[in-house]
Amino acid sequence: MPSTRNSQKVVPMNTVRLSQHRPLARSPVALALATALSLAAGSAALAQEKVLRIAMTAADIPRTLGQPDQGFEGNRFTGIPIYDALSQWDLSKASAPSVVVPGLALSWAVNDKDKTKWVFKLRPDVKFHDGSAFNADAVVWNVAKVLDKEAAHFDPSQVGVTASRMPTLRSARKIDDLTVELTTSEPDAFLPINLTNLFMASPAHWEAKFKAVPASVTAAADRSKAAWTAFAADPSGSGPFKVLRFVARERLELGANKAYWDAKRTPKIDKVVMLPMPEANARTAALLGGQVDWIEAPAPDAMPQITQRGFKIYSNAQPHVWPWQLSFAEGSPWLDKRVRQAANLCIDRSGMKQLLGGMMAEPKGTVEPGHPWWGNPKFDIRYDVKAAQALMTQAGYSAAKPIKVKVQISASGSGQMQPLPMNEFAQQSLKQCYFDVQFDVIEWNTLFTNWRKGAKDPSANGANAVNISFAAMDPFFAMVRFVSTKAFPPVSNNWGYYGNAEVDKLVADARTAFDEKPRDAALAKLHAHIVEDAPFVWIAHDVGPRAISAKVKNVVQPKSWFIDIATMTMD
């Protein structure tokens, strides 16, 4: 539907009020220089090896112990390359949405009589990097690492980034060496999708690290923690790449696993070097200066120069939502639906798209018209300042009496696109509709951790909205974890405590539909309700821009948050 636009163009301010701004621990420019020196020193080795150097948006290397942090950038760069899950995303196509396919499990089926029980048939002859076998015992062990507090290898540090992504999983039981039964707390048709986030680490390798913990460390929890620390420095998964070298905040080096079980994903690239560079201009300078071959989220104003220098910019529409998630806690300024809808009508998304060099899509909801979950909501998200001002006037606000809102945001991070200029632009866009917006700017990984603590936690620092982009690849990630009352913190990502009985009923209808058509119909009703009630300000959909050297071949930019390095080649 065409947008109703007012005559005055909104432009971003040069400054933004910050209530807190934590500097990153290491200068991106200094890191780029250090990287250049180290790469120059290894030039002889580079001439003989095919080495792919990647600059991430993260400020640190995502954790390598099996369950990554740093949001889904962690899954992209230390999860999927190093590890495998029972189910995984098909990242081989650019023309169709990614779907879940067998990974370490060949097949799965829910019990007809008891839909809280699933049987997974496992892939035979898979080895971890340390040479030990993947089997049912390994699956049981990896479920216990995040769910069984009595297990010797239970790791609290891995729970938050795992359990919140599969909140109904309760236990795993070995049936035979290649068959395992998983049990959920309630019927949950989303389980096979959620399991793409449970990466399988080697139990035998962890046990070796555990036995090597000094005898002076006596407490069971301390011994487990020490073993996991040692495991993270020398991890063992079953993925297409092995860890060669790890230096916190500086670099991660991966080597090809030539014995990988999937011939189609056995790497042709010898080594991958990953570097944290959270600042867009530093990443761009590193690419143009020949220090890296690939950068995530290039600086928008540098894209013409990047392409002129022969680099390729890849992008694709993807299920990736860049919103403000709103608080429904007592006293929140967002409790009035008229205010929420007004904010959605007052964002000049077309202007923001120009700011980003065209590298975004303008959302109509969490999914787009034509999607099986669309549901034809009655509220139309668009740019309509007069309609927004009318709603705000009805709610009792005006230019002389604006509503004060505070949003917790990051300066960089996984999937956050260009968070500072984008939030500044939204701030100025909303000003004309009587919103007085302030920001609390914090480091990305801290923001991501706060997300699981909720709007009522002191970590919110008085914010009544949070800006964290999210994947909308599946029903749980797209909708359920934000609107179900069962997903209130710390269970999952319903940061704002949104929800009611009607929404819970719609969630239950979708979650208990094990056939595609009735599930899609239930999800369409849920999506329509969410858009109409507006627990988000939908600001942008990402297209995942990344700039890559032309010498990197077979790059498939899927319609996904993720990308597969294993199938790429280099000249």
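Details of the structure are given in the entry above.
Quick summary incoming for the structure in this document. Just so it is clear, the structure is predicted and the values come from calculations on it, not from any experiment.

### With respect to the state of the cysteines
No. 1: For the structure on display, the rule yields one disulfide.
No. 2: Shown here is the disulfide that connects Cys346 with Cys433, its sulfur atoms set 1.9 Å apart. On the sign convention where negative is left-handed, the bridge of Cys346 and Cys433, at about 85° about the S-S bond, is right-handed. On the criterion of sequence distance, the pair formed by Cys346 in the loop between α11 (337–345) and α12 (349–355) and Cys433 in the loop between α14 (419–431) and β16 (435–442) is long-range, its members being 87 residues apart.
No. 3: Classification of Cys433 by relative accessible area gives buried; the value is 0%.

### A few points about unusual backbone geometry
No. 1: A cis geometry characterises the amide bond from Pro489 onward to Pro490, with omega recorded as 5°.
No. 2: Mapped onto the elements, Pro490 comes out in the loop between α16 (475–483) and α17 (501–511).
No. 3: In this model, Gln70 sits at a positive phi of 65°, which is unusual for a non-glycine residue.
No. 4: Structurally, the position occupied by Gln70 is in the loop between β2 (51–56) and α3 (71–79).
No. 5: Note on Gln70: relative accessible area 2%, which makes it buried.
No. 6: If you check the backbone angles, Asp125 has positive phi at about 60° while not being a glycine.

### Things to note about the pattern of salt bridges
No. 1: One pass over the structure, following the stated rule, counts 24 salt bridges.
No. 2: We note a salt bridge from Asp293 to Lys551, for which the minimum N-O separation is 3.4 Å. With Asp293 in the loop between α9 (280–288) and β12 (294–296) and Lys551 in the loop between β20 (546–548) and β21 (552–553), the pair connects residues that are 258 residues apart, well separated along the chain.
No. 3: A relative accessible area of 2% means that Asp293 is categorised as buried.
No. 4: With relative accessibility at 34%, the residue Lys551 sits in the partly exposed group.
No. 5: Ionic pairing is found between Arg382 and Asp384, a salt bridge with its closest N-O pair at 3.2 Å. Asp384 matches Arg382 in its accessibility class, with the two residues each being buried.
No. 6: In the salt-bridge network here, residues are joined through shared partners; they are Glu49, Arg245, Arg251, Glu253 and Lys271.

### A look at helix α15 (residues 444–451)
No. 1: With six of eight residues buried, α15 is to be regarded as a mostly interior element.
No. 2: Within the span of α15, buried status applies to Trp444, Asn445, Leu447, Phe448, Asn450 and Trp451.
No. 3: A side-chain oxygen of the first residue of α15 lies 3.0 Å from the backbone nitrogen of Asn445; this N-cap is Glu443.

### What about the sheet that holds strand β10 (residues 251–256)?
No. 1: With respect to topology, seven strands assemble into an open sheet ordered β9-β10-β11-β2-β12-β20-β13, the strand pairing being mixed. Since the sheet does not close on itself, it has two edges, and those belong to β9 (241–247) and β13 (312–314), each with one partner. Strand-to-strand twist in this sheet, taken as the mean axis angle between neighbours without regard to direction, amounts to 20°.
No. 2: Summarising the sheet, β12 and β20 pair through three bridges and their orientation is antiparallel. Residue pairing for β20: Glu296 is matched across the bridge by Arg546.
No. 3: Here α3 sits on the sheet and contacts β2, β10, β11 (271–276), β12 and β20; the angle it forms with β12, its principal contact strand, is near 160°.

### A look at the pairing of strand β8 (residues 179–184)
No. 1: β8 sits mainly inside the fold: six of its six residues count as buried.
No. 2: Where burial is concerned, the two faces of β8 agree: the one with Thr179, Glu181 and Thr183 and the one with Val180, Leu182 and Thr184 are both buried.
No. 3: Across five bridges, the pairing between strand β6 (residues 117–122) and β8 is antiparallel. For Val119, the partnering residue across the bridge sits in β8 and is Glu181.
No. 4: The sheet contact formed by strand β7 (residues 169–176) and β8 spans six bridges and is antiparallel. Looking at the pairing, Leu169 lines up with Thr184 of β8.
No. 5: In this structure, the hairpin formed by β7 and β8 is closed by a connection of two residues.

What counts as what
- Residues numbered from 1 in each chain as written.
- Predicted model: local features only at pLDDT ≥ 70, side-chain atom pairs only at ≥ 80, totals over all residues.
- Heavy atoms only, no water.
- Disulfide = S-S within 2.5 Å.
- Helix = DSSP H or I, 4+ residues; strand = E, 2+ residues; numbered from the N terminus.
- Buried < 20%, exposed > 50% of the residue type's maximum accessible area, 1.4 Å probe, protein only.
- Salt bridge = Lys/Arg side-chain N within 4 Å of Asp/Glu carboxyl O.
- Polar contact = N/O pair within 3.5 Å; in protein donor to acceptor, adjacent residues only side chain to side chain.
- Pairing = 2+ DSSP bridges.
- Axes fitted to C-alpha atoms, helices over the stretch in contact; angles between N-to-C directions.
- Contact = heavy atoms within 4.5 Å.

Purely spatial values, then, with no claim about function.
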